[in-house]
Amino acid sequence: MALIVHKYGGTSMGSPERIRNVAKRVAKWARAGHQMVVVPSAMSGETNRLLGLAKELAPARADDAYWRELDMLAATGEQASSALLAIALQAEGMPSVSYAGWQVPIRTDSAYTKARIEAIDDTRVRTDLAAGRVVIVTGFQGVDGQGHITTLGRGGSDTSAVAVAAAMKAAECLIYTDVDGVYTTDPRVVPEARRLHTVSFEEMLEMASMGSKVLQIRSVEFAGKYRVPLRVLSSFTPWDIDIVEEAKSGTLITFEDDEHMEQAIVSGIAFNRDEAKISVLGVPDKPGIAYQILGAVADANIEVDVIIQNISKDGKTDFSFTVNRGDFARTVELLKTRVLPSLGAQEVVGDAKICKVSIVGIGMRSHVGIASKMFRSLSEEGINIQMISTSEIKTSVVIDEKYMELAVRALHKAFDLDQPPA
Ligand code: ADP
Ligand code: ASP
Ligand code: MG
């Protein structure tokens, strides 16, 4: 008898009928003798609906008092879906109980809307499991040291599930979603995308951080840190398929020394439309400038991604970087009002219509010429590259948003990702 964590995403929980299917599937696993902890997302569209209501009442603000209420609000989505799943399980004759994050508790820091999990007390969950109940733990949410409800960032239910699996030393964490695994790229953008049977933890980490929303990046970080066996699979298979087959389906995230890894040089392509580019023009080229600009941005708790500084001309240079699109207006405002005057720079300009496209693969470590192949393929499509950033196992480019799909398809083809690896 193993302890298994299942996570079901928004689409998988999207209607009473789908919740009933989830309940039947979970009951099947419980009846096969497993101790089951289930982490559901809110029903699809619900988190957006709730946050939309807040926007109708007042323009978004950047302060804790406001963010606290957003978390209080958004967390209700998962509370509802969790209770509904417990009701559906009970209707299947399976004893079940649901807990909100604060009831477990899942302890987080106080960074509203992007809190980090610090500790999970599993005593209560274990007591219920021992009594033969399926335990449902709300995804996406926790509670800080002062008892305030927090949320973990969009897509955060993945992280809740992996963190619960890590804390409880579960045998496996299964992420059920609306695709049947991790693909070479988003199959909604490239229909020829191929499902990967396995993907290394490092590649998954890069893909997630470069924008593949199939797993939230923090869930992958947790899986790596605590070596949680993690699998992504479909919730849309018939609920009564053979459990042994089901347990082998989808995509397994492997750790580097595991066997059977697919040895492609480039394993996947990720893209991210959620960034915006900001350039500070005419900056004096002298020590301390990067710190003056990016220090102020970091102090405002704004994350910076790709950074470039041009070579200087007549003692002046241009400095560009990307931030989350949601932080765009705030960053421009901050630079104009607080940084520009003391910097002696000429202007701050921004472009929110960009996207970042990345190729990812651990094979890139030992192969040269991969980045240039990427650049050639983009140039053949007439796509201008605005920024480049590389790591050992990925190359990213920032391009005009309108070329995103074209770029992803061209790169998918250029790297033969529609073909199984040799
Ligand atoms: P859930 O609600 O189950 O958490 P998400 O919408 O967050 O589901 O994530 C699943 C989606 O991720 C898929 O529907 C797919 O469009 C998208 N996706 C992006 N990149 C990939 C990829 N490389 N492989 C599979 N799906 C991907
Ligand atoms: N419901 C949350 C969201 O929409 C969390 C999740 O689905 O993982 O972002
Ligand atoms: Mg998700």
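Above this text is the structure in question.
Residues numbered from 1 in each chain as written. Chains lettered and ligands numbered in written order. Predicted model: local features only at pLDDT ≥ 70, side-chain atom pairs only at ≥ 80, totals over all residues. Heavy atoms only, no water.

Explain the environment of glycine 45 residue by residue, including any values.
Relative to the elements of secondary structure, glycine 45 occurs in the loop between strand S2 (35-40) and helix H2 (46-57). A residue is classified by how much of its surface remains accessible, and glycine 45, at 47% relative accessible area, is partly exposed. Measuring from C-alpha to C-alpha, the distance between glycine 45 and glycine 14 comes to 8.3 Å, with 31 residues separating the pair along the chain. (Helix = DSSP H or I, 4+ residues; strand = E, 2+ residues; numbered from the N terminus. Buried < 20%, exposed > 50% of the residue type's maximum accessible area, 1.4 Å probe, protein only.)

Describe the sheet that holds S2, listing the residues and the values that go with them.
Sheet architecture is open: eight strands sit in the order S3-S6-S2-S1-S9-S11-S12-S10, paired in mixed fashion. The sheet terminates laterally at strand S3 (96-99) and strand S10 (198-200), the two strands that pair on one side only. Taking each pair of neighbouring strands and ignoring which way they run, the sheet shows an average axis angle of 20 degrees. In this structure, strand S11 (residues 230-234) lies alongside strand S12 (residues 251-254), joined through three bridges in antiparallel fashion. Note on S12: the bridge partner recorded for arginine 231 is leucine 252. (Pairing = 2+ DSSP bridges. Axes fitted to C-alpha atoms, helices over the stretch in contact; angles between N-to-C directions.)

An account of the packing of helix H11 (residues 370-380) against helix H12 (residues 404-414) is requested, with residue identities and associated values reported.
Relative to each other, H11 and H12 sit at 130 degrees, their axes nearing to 10 Å. When the axis of H11 is compared with that of H12, the two are oblique. In the crossing of H11 with H12, the sense of the turn from one axis to the other is right-handed. Residues Lys373, Met374, Ser377 and Leu378 of H11 form the contact with H12, whose own contacting residues are Ala407, Ala410, Leu411 and Ala414. (Parallel < 35°, antiparallel > 145°, perpendicular 65-115°, else oblique. Left-handed = near helix turned anticlockwise from the far one by under 90°. Contact = heavy atoms within 4.5 Å.)

Residues and numbers for the site of ligand 1, please.
What surrounds ligand 1 is a group of 17 residues, the closest being Thr177, Asp178, Tyr183, Asp186 and Arg188. Here aspartate 178 contributes a side-chain N or O atom positioned 2.8 Å from an oxygen atom of ligand 1. Here an oxygen atom of ligand 1 sits 2.9 Å away from a polar atom, N or O, in the side chain of aspartate 186. Coverage of ligand 1 by the protein chains reaches 90% of its 570 Å² of free accessible surface. The class makeup of the residues in the shell around ligand 1 is six nonpolar, six polar and five charged. (Near = heavy atom within 4 Å. Polar contact = N/O pair within 3.5 Å; in protein donor to acceptor, adjacent residues only side chain to side chain. Areas by Shrake-Rupley, 256 points an atom, 1.4 Å probe, with all protein chains shown as cover. Nonpolar A, V, L, I, M, F, W, Y, C, P; charged D, E, K, R; others polar.)

Explain the pattern of salt bridges to me, and be specific about the residues and the numbers.
Within this structure, the stated rule accounts for 23 salt bridges. Residue arginine 133 pairs with aspartate 128 through a salt bridge whose shortest N-O separation is 2.5 Å. Here arginine 133 falls in the partly exposed class, since its relative accessible area comes to 33%. Judged by relative accessible area, aspartate 128 falls into the buried class, the value being 7%. (Salt bridge = Lys/Arg side-chain N within 4 Å of Asp/Glu carboxyl O.)

Would you mind going over the site of ligand 2 in detail, with residue names and values included?
By nearness alone, every residue bordering ligand 2 is listed as Ser41, Ala42, Thr47, Glu78, Phe140, Arg154, Gly155, Gly156 and Ser157. The contact in question runs from an oxygen atom of ligand 2 to an N or O atom on the backbone of glycine 155, over 2.9 Å. Look at ligand 2: alone it shows 260 Å² of surface, and the protein chains cover 86% of it. When its residues are assigned to classes, the shell around ligand 2 shows two nonpolar, five polar and two charged.

I'd like a description of the pairing of strand S16 (residues 316-324), backed by residues and values.
Bridge analysis of strand S14 (residues 275-284) against S16 gives eight bridges, and the strand direction is antiparallel. Across the sheet, proline 284 pairs through a bridge with lysine 316, a residue of S16. Summarising the sheet, strand S15 (residues 304-309) and S16 pair through four bridges and their orientation is antiparallel. Counted as the bridge partner of valine 304 is valine 323 from S16. Connecting S15 to the next strand, S16, in antiparallel fashion are six residues, including aspartate 314 with a positive phi near 55 degrees.

Hey, could you go over the environment of glycine 33 for me, with residue numbers and the actual values?
If you trace the backbone, glycine 33 turns up in the loop between helix H1 (16-31) and S2. On a C-alpha basis, the gap between glycine 33 and isoleucine 265 in space is 41 Å, while along the polypeptide they are 232 residues apart. Other than its neighbours up to four places away in sequence, glycine 33 contacts Met1 and Ala2.

Let's hear about the sheet that holds strand S19 (residues 387-391): which residues, and what values?
On the basis of which strands lie adjacent, the open sheet formed by four strands has the order S13-S18-S20-S19 and antiparallel pairing. Bordering the open sheet on either side are strand S13 (268-272) and S19, each of which pairs with just one other strand. Within this sheet the neighbouring strands show an average axis-to-axis angle of 20 degrees, counted without direction. Two elements, strand S18 (residues 354-360) and strand S20 (residues 394-400), share seven bridges in a ladder whose sense is antiparallel. Pairing of valine 357 across the sheet is with valine 397, part of S20. Helix H6 (residues 201-209) contacts S13, S18, S19 and S20 of the sheet and is inclined by roughly 170 degrees relative to S18. With respect to the sheet, H11 is in contact with S18, S19 and S20, its orientation differing from that of S20 by roughly 20 degrees.

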